[in-house]
Amino acid sequence: MAELHQTAAHAEHDHKPQGWRRWVFATNHKDIGTMYLIAAGTMFLIGGLAAMAIRAQLFKSGMKLFDPAMFNSLTTMHGLIMIFGAIMPAWVGLANWMIPLQIGAPDMALPRLNNLSFWILPFAFTLMVASFFVPGGAVAGGWTMYPPLMQQFGAAFPMLIFAIHLMGISSILGAINVIVTIMNLRAPGMTLLRMPLFVWTWLITAYLLIAVMPVLAGAVTMQLTDHFFGTSFFNAAGGGDPVLFLHVFWFFGHPEVYILILPAFGIISEIIPTFSRKPLFGYEAMVYATASIAFLSFIVWGHHMFTVGMPVAAQLFFMLSTMLIAVPTGVKVFNWVATMWRGSLSFEPPMLFAVAFLFLFSIGGFSGLMLALVPSDYQYHGTYFVVAHFHYVLVPGAVFAIFGGVYYWLPKWSGRMYDMRLAKWHFWLSVIFVNVLFFPQHFLGLAGMPRRIPDYAPQFTDWNMVSSIGGFIFGASQVLFPYIIIKCIRSGKPIEANSPWDGAHGLEWELPCPAPYHSWQTPPSEAMLAHGTGH
Amino acid sequence: MKRARLGRLLGTSVLGLAGRLPLASAASGWDELNMPRGVTSASKSIYALHMMALWVCVGIAVVVFGVMIWSLIFHRKSRGAVPDVTLTHSTKVEVVWTAVPVLILIGMAIPAARLLLKINNNTDPQVNIRVTGFQWGWRYQYVGTPVSIISKLSASSNDASQMHSGIRPTAVPHYLLSVDHQVVVPVGEKVRLLITSIDVIHSWWVPDLGVKRDAIPGYINEASFTIAPNRPGIYRGQCTELCGRGHAYMPIVVRAVTPAAYQAWLKQHSGPPSEAAARLPAAAVTST
Ligand code: HEM
Ligand SMILES: [Cu+2]
Ligand SMILES: [Cu+2]
């Protein structure tokens, strides 16, 4: 307790820069985390508006709100914005806020690098979004950017590639910072196998980022030189090979999907024990499962290319390696279920989102397993079935975990409690309409509707209408989220205790609410550590 | 009208959940909820594999979700549940829930691998057709004959799809799924496609045939199918790789006819060799 007082007193003496300087020259992990989260929220809004436009165009057969080229730009930019602009920065924001608090460190290890890695992003995002307004419109070749199609776009093409370079640099810097922080700034006694799972999953994610972002940068740079400097990496007429791009892209792309989901696994592993009032089941198994998923994610990329015409032996290999991923993924799900088993469950908003994650992410896992079977994939590939699959893992998967994480830690950040009733509304609207939105897309894909089309045959109209209606309501409900957060910060009820959740363990809950501007300037005591880690 | 649509939706979803939707896909267009069984042995086996995987997933879901729902109901704090904080690991169950999935996966992988090998057998074709994707349509060259056709979106669909056409899609027969020239194949004979592209990547897909293969510039991909002898008919599909603004507007329509009718059709279309076909020596195609 004495230590706590000391920390709090320290915070008051600490002058934080005022006004715009506080943000532009930010080196404080909490400020930078906040900026990341705001940036991610902004991009979520822009990407979401693109999604609404897509669902409006697909409301019925024969709808003509947008020219097909514009429609393709919308789907392409929706995908890129959501992946690189919304989910990834949201994870970095949460990492910034939580990793130092959770490992008992005073800040991130490299605060100025942290500032740089954030401030690159607004430029990257501006470039990316601005490409909508240049002659020829935004790039329209899909987020996968396959050549030779990608080579057919105008000024937006180099803009997008430069934006990807910038975002890649930002991600790599962020990842280096996370690794250095975790490796060097853990409080005495915080051994690797005592770290909270959010820290563990982020550590592994950071390694994935460093491994694959350069691969993506290389692939798009080769496209750039093909376009402007006369090389023929991917140009068949010049002796190059378009399929090479697919291999390189997906060598990045599959680990990338785990970059999007591993931190979510971490958050779910924090929330479920808290609201089950029981330690996480199989902590070590969770760590090893995460590591094996990360390893396997490097050897399954071919499952995105089953119709490309790879040798049968290669198809077989990628089928088996992909199916293997289901084993550690299953272990994770079983551990979460076992954590709830014989617990004492309550359903505050973070737990609601976590439980929905368990059900709906699993559905995405099931369709993933079906997609892994090559002969079936010949029918599923390139259809709405795939769209349903990856949205189940990304929206009620990654995005719900972000919502859950924010509802879990917002009291710690703001020192105030949000409006639980509204947050429950946000949850129920989201969970119902995310299914109305995405479940019918399984049917559409099986019935033969290709993805990335602006118009379709009349027999697909019914389910598209259902999906669009689900989409509009889901989209509209998300307005609640910023409203709840702003209301909480402005007028939420102040929290007296260190933790508003009676079942919470972890060093962040040993600090007062709100966490002081400079926290853990003296490392936590062994007693706190023992209480925090629960062992 | 509205009511009818709703009823149909409800009806199909109930049937679909039961997995028993009668398939009339070959004759009356696509089934609304599930993969079509199709008309080749490959497509039928794929359907069976798909249903097997689906039911395995449903089975796992019932067990796992069942346990979860049990906890959600009976292990709630509001019911006075007391947490059993000693339950943090158990080597026994952890071994079980690693090993059982492995066994289930092996059980799924074996039939999948078998089928994969079977449907990738492209030897001994009776008919060879070179398929070339372009922005936006398909060219079909019948190897060893002078017959070559270009197949594009039908004029009626094309008109209706224009920005301010004012034509209702339902007023157009097979809107977006009809072409000006259909590709004709014989039933009961093994047809091998040699698929390539002259510009960007496309993908040739006809669900009822169980064939999807990318058309890639610089590559010649193979795919084969044999339509059941008793299933002549018209089978429709679409390009499934984003290929630019016309991606939604390059359907595939296959007309399967009896071998005799096929021979007659070939003869009828073998005028003087067209330039495109003449430029394409058969040997160059079959040597891949
Ligand atoms: C059990 C685990 C999973 C399995 C077995 C699996 C399997 C697959 C397969 C086979 C495909 C290729 C489908 C096709 O194009 O034909 C695919 C696509 C995709 N998956 Fe997964 N997946 C899993 C989990 C995830 C996760 C966790 C994410 C992300 C959070 C994810 C995101 C995606 C995305 C974005 C695509 C579509 C890529 C594209 O073609 O645009 N998947 N998945
Ligand atoms: Cu993948
Ligand atoms: Cu296409």
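Residues numbered from 1 in each chain as written. Chains lettered and ligands numbered in written order. Predicted model: local features only at pLDDT ≥ 70, side-chain atom pairs only at ≥ 80, totals over all residues. Heavy atoms only, no water.

J.: What should I look at first to understand the site of ligand 1 in this one?
T.: Residue and element names in this part refer to chain A. Taken together, 22 residues form the shell around ligand 1, and within it Asp377, His381, His389, Phe390 and Arg451 come nearest. Here Asp377 contributes a side-chain N or O atom positioned 2.6 Å from an oxygen atom of ligand 1. Between His389 and ligand 1, the recorded distance is 2.8 Å, taken from a side-chain N or O atom to a nitrogen atom. The set of elements that each furnish at least two residues to the shell around ligand 1 consists of helix H8 (242–276), helix H11 (349–372) and helix H13 (384–414). Grouping the constituent residues of the shell around ligand 1 by class yields 13 nonpolar, 7 polar and 2 charged. (Near = heavy atom within 4 Å. Polar contact = N/O pair within 3.5 Å; in protein donor to acceptor, adjacent residues only side chain to side chain. Helix = DSSP H or I, 4+ residues; strand = E, 2+ residues; numbered from the N terminus. Nonpolar A, V, L, I, M, F, W, Y, C, P; charged D, E, K, R; others polar.)

J.: What am I meant to see in the environment of Thr307 of chain A here?
T.: Within the element layout of this structure, Thr307 of chain A appears in the loop between helix H9 (283–296) and helix H10 (312–340). Residues Thr307 of chain A and Val387 of chain A, spaced 80 residues apart in sequence, show a C-alpha to C-alpha distance of 17 Å. Beyond its immediate stretch of four places on either side in the chain, Thr307 of chain A contacts Tyr378 and His381 of chain A together with Lys212, Arg213, Asp214 and Asn221 of chain B. Polar contacts involving the side chain of Thr307 of chain A include one to the side chain of Asp214 of chain B, which spans 2.9 Å. (Contact = heavy atoms within 4.5 Å.)

J.: Help me understand the nonpolar core in this model?
T.: Grouped together as the largest cluster of nonpolar side chains are 282 residues, with contacts concentrated most on Tyr142 and Trp204 of chain B. Considering every element that reaches this core, the biggest residue donor is H13 of chain A, with 20 residues. When residues of this core are sorted by domain, at least three fall in each of domain 1 (41–81 + 89–119) and domain 2 (127–286) of chain B. Look past the residues within four positions of Trp204 of chain B in its chain and what remains in contact with it is Val131, Trp138, Tyr140, Leu193, Ile195, Leu209, Val211, Lys212, Arg213, Phe225, Ile252 and Val254 of chain B. (Core = buried A, V, L, I, M, F, W, Y, C linked by side-chain atoms within 4.5 Å. Buried < 20%, exposed > 50% of the residue type's maximum accessible area, 1.4 Å probe, protein only. Domains from an automatic or database assignment.)

J.: It is not clear to me how the coordination of the copper ion (ligand 3) should be interpreted in this structure. Could you clarify?
T.: Between any two of four tetrahedral donors, the ideal angle at the metal is 109.5 degrees; between two of six octahedral donors, it is 90 or 180 degrees. Residues and elements named next belong to chain B. Looking at the copper ion (ligand 3), one finds its protein donor set to be Cys239 (SG), Glu241 (O), Cys243 (SG) and His247 (ND1), positioned 2.1 to 2.5 Å from the metal centre. For the copper ion (ligand 3), the 4 donor atoms are set out with angles of 86 to 129° between them, so the coordination reads as tetrahedral. One chain supplies every donor to the copper ion (ligand 3), and in sequence these donors are spaced C-x1-E-x1-C-x3-H. (Donors = N, O, S within 2.8 Å, 3.2 Å for Na, K, Ca; no water. Tetrahedral: all angles 85-135°; square planar, octahedral: opposite > 155°, others 65-115°.)

J.: When you look at the coordination of the iron atom of ligand 1 in this model, what are you seeing that I'm missing?
T.: Exactly one donor from the protein chain reaches the iron atom of ligand 1: His389 of chain A (NE2), at 2.2 Å. One can find His389 of chain A in helix H13.

J.: I'm lost on empty space enclosed by the protein in this one. Help?
T.: Empty space left among the atoms is revealed by rolling a probe the size of a water molecule over them. A complete count under the given rule lists 6 cavities of 30 Å³ or more for this structure. Taken as a whole, the largest cavity encloses approximately 100 Å³ of empty space. Mapped by element, the contributors of at least two residues to the lining of the largest cavity are strand E7 (211–215) and strand E8 (221–226) of chain B. When grouped by side-chain class, the residues that make up the lining of the largest cavity number 5 nonpolar, 4 polar and 3 charged. What lines the second largest cavity is simply Tyr36, Phe84, Met88, Pro89, Val92, Leu121, Met167, Ser170 and Ser171 of chain A. Put simply, the parts of the chain that give the lining of the second largest cavity at least two residues each are helix H4 (68–103) and helix H6 (156–184) of chain A. In terms of residue count, the dominant contributor to the lining of the second largest cavity is H4 of chain A (4 residues). (1 Å grid on protein atoms, 1.4 Å probe; cavity = no way out; pocket = protein on both sides within 12 Å on 5 of 7 lines; lining within 4 Å. Points joined across faces, edges and corners; volume = space filled by probe spheres on them.)

J.: Help me out: how do you make sense of the interface of chain A and chain B in this one?
T.: By a frequent convention, interface size equals the accessible area lost on bringing the separate parts together. Between chain A and chain B, the residue contacts involve 96 residues of the former and 93 residues of the latter. Buried area between chain A and chain B, both sides added, is near 8,200 Å², and the carbon and sulfur share of it is 70%. The largest share of the area that chain A buries against chain B comes from Lys64, Tyr378 and Gln379 of chain A, three residues that together contribute 9% of it. Along the contact surface separating chain A from chain B lie 2 salt bridges. In this assembly, chain A and chain B are joined by 22 residue pairs in polar contact (both at pLDDT 80 or more). Mapped by element, the contributors of at least two residues to the side of chain A that touches chain B are H4, H8, H10, H11, helix H12 (374–380), helix H14 (420–447) and helix H15 (461–477) of chain A. Per-element tally for the side of chain A that touches chain B: the top contributor is H10 of chain A, with 15 residues. Considering only residue class, the side of chain A that touches chain B consists of 59 nonpolar, 25 polar and 12 charged. (Buried area = accessible area lost by both parts, 1.4 Å probe. Salt bridge = Lys/Arg side-chain N within 4 Å of Asp/Glu carboxyl O.)

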